[in-house]
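# Architecture at a glance
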Amino acid sequence: MTLQTAIEVLKKERAPAYRERQLTHAVYAELAESWDEVSALPKALRERLERESPLRTLTEQASQRAEDGTIKLQLRTHDGYPLEAVAMSHGPRRTVCLSSQSGCALACTFCATGRMGLGRNLTPDEISEQLLRLARLLRDEQDAKISNVVMMGMGEPFHNYDNVLSAIRTINSPDAYGLGARQIAISTAGWIPGIDKLGDEPMQVKLALSLHAPDDELRSKLMPVTKRYPISELMQACRRYREKTRRRVFIEYLLLSGVNDSSQQARQLVALLAKGGPGAYHVNLIAYNPTGTEYVAADDAAVRRFRGELEKGAIGTSYRVSRGRGIEAACGQLVMKGIPARKRAAV
Ligand code: SAH
């Protein structure tokens, strides 16, 4: 749904000016799913809006709920491309994880979405619709509101930069959904042109970089994009971003047993990040969610050791507890089975 097309309908109808405010309120505050629900509008107008600018263009294939409050939605675009969106609860907070693409071209070897190949970029409306749908379910089922948004569903957000930023502007705008920019994070596998562009945006969104390895040799095995953008260049891009924005960068580091979880690798990571100066980076350690690969999650002792080394090196860390595993809603588990891959590894 494009509010813009709905507003054009108003113009064609020569509707009074206050109708525009009613439409905006219906979409972002009432979280209406169809114009028919919006009883403040005359019936004839509702019918025309429903025909010319329906509020939902994605169709729901399935939805799942886990005991920890996680909700996973499997959706499909009007032209048949699958995507997923997830809402997770952390105490009173509700974080929604949105997809930027159907599938992904980057082919990270641990990631289920990476095995799909790329379907296509999602439009700004297809991205914000994921949020509106989850906001509605959270309100109706848990009496809860979204507190955070992360672009960590399917896809590489910086391969779809303009549409992702357009959706985020809608999510952030006080005239639309109105969530604070600091509550919104974009996670990238390390697409440098996107990091540079984000540094020039006036919005205070957070940047997370999925690093997952302290050296190029290992990182290339996990994330083929490293061959295009090696770690040293990534670190320079992060430095440029910090200089422009004065904001710290979040580093995502997935702990894989016997692959990237040794004390020595932790010290290598400290050495890499310490170059940024105090407080330049914060590391989110992530537990690996099984996706049918040969990788195994690091055990508790390895996680503690790794974290200890980072703390000794004065690098701030958190350990992300996995949510929604039982319903395959965790990071990197987003995939639709039986969908043919279109393009692969176009790095
Ligand atoms: N393409 C972007 C955003 C989508 S992936 C990126 O790479 O950052 C979001 C996060 O989930 C990334 O840090 C990614 O590496 C991580 N991830 C992928 N597969 C995972 C898995 N099986 N278990 C845990 N995290 C995973």
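Residues numbered from 1 in each chain as written. Predicted model: local features only at pLDDT ≥ 70, side-chain atom pairs only at ≥ 80, totals over all residues. Heavy atoms only, no water.

On to the packing of aromatic side chains. Counted by the stated rule, this structure contains 4 aromatic pairs. Residues F158 and Y161 carry aromatic rings whose centres are separated by 5.8 Å and whose planes lie at 35 degrees to one another, so their mutual orientation is tilted. The same class applies to F158 as to Y161, namely buried. Relative to Y295, the ring of Y288 has its centre 6.2 Å away and its plane inclined at 80 degrees; by these criteria the two rings are edge-to-face. Classification of Y288 by relative accessible area gives buried; the value is 2%. The class for Y295 is buried, based on a relative accessible area of 13%. (Phe/Tyr/Trp six-rings, centres within 6.5 Å; stacked < 30°, edge-to-face > 60°. Buried < 20%, exposed > 50% of the residue type's maximum accessible area, 1.4 Å probe, protein only.)

As a further point, take helix α10 (residues 300–312). An α-helix turns once every 3.6 residues. As a result, residues three or four positions apart point the same way. For α10, spanning 13 residues, the distance from its first C-alpha to its last is 18 Å, which sits close to the expected 18 Å at 1.5 Å a residue. Inspection of α10 places A302, V303, F306, E309 and L310 among the buried residues, and these make up the whole buried set. Buried residues along α10 cover an arc of 130 degrees about the axis, so they all sit on one side. Set apart from the buried face of α10 by more than 90 degrees, the exposed residues are D300, R304 and K312. The elements touched by buried residues of α10 are β10 (249–255), α9 (263–274), β11 (281–287) and β12 (316–320). One or two steps after α10, the chain reaches A314, where phi turns positive at roughly 60 degrees. (Helix = DSSP H or I, 4+ residues; strand = E, 2+ residues; numbered from the N terminus. Expected span 1.5 Å × (residues − 1). Arc of directions from axis to C-beta. Contact = heavy atoms within 4.5 Å.)

Turning next to the packing of helix α1 (residues 3–12) against helix α3 (residues 43–52). Running from N to C, α1 and α3 point in directions that differ by 135 degrees, and their axes come no closer than 10 Å. The angle between α1 and α3 places the two elements in the oblique class. For α1 against α3, the interelement crossing comes out right-handed. Note on element contacts: α3 touches α1 through L45, R48, L49 and E52, opposite A6, V9, L10 and K12. Within the contact of α1 with α3, the residues separate by chemical class into 5 nonpolar, no polar and 3 charged. (Axes fitted to C-alpha atoms, helices over the stretch in contact; angles between N-to-C directions. Parallel < 35°, antiparallel > 145°, perpendicular 65-115°, else oblique. Left-handed = near helix turned anticlockwise from the far one by under 90°. Nonpolar A, V, L, I, M, F, W, Y, C, P; charged D, E, K, R; others polar.)

On to unusual backbone geometry. Positive phi, close to 55 degrees, is recorded for L31, a residue that is not glycine. Topologically, L31 is positioned in the loop between α2 (18–29) and α3. By relative accessible area, L31 is classed as buried at 6%. Even without being glycine, H212 reaches a positive phi, approximately 70 degrees. Relative to the helices and strands, H212 is located in the loop between β9 (206–210) and α7 (216–222).

Attention now goes to the side chain of S220. Note that S220 resides in helix α7. Given the relative accessible area of 17%, S220 is considered buried. At 2.6 Å, the side chain of S220 and the backbone oxygen of D216 are in polar contact. Ignoring any residue separated from it by four or fewer positions in sequence, one finds S220 in contact with T226 and K227. (Polar contact = N/O pair within 3.5 Å; in protein donor to acceptor, adjacent residues only side chain to side chain.)

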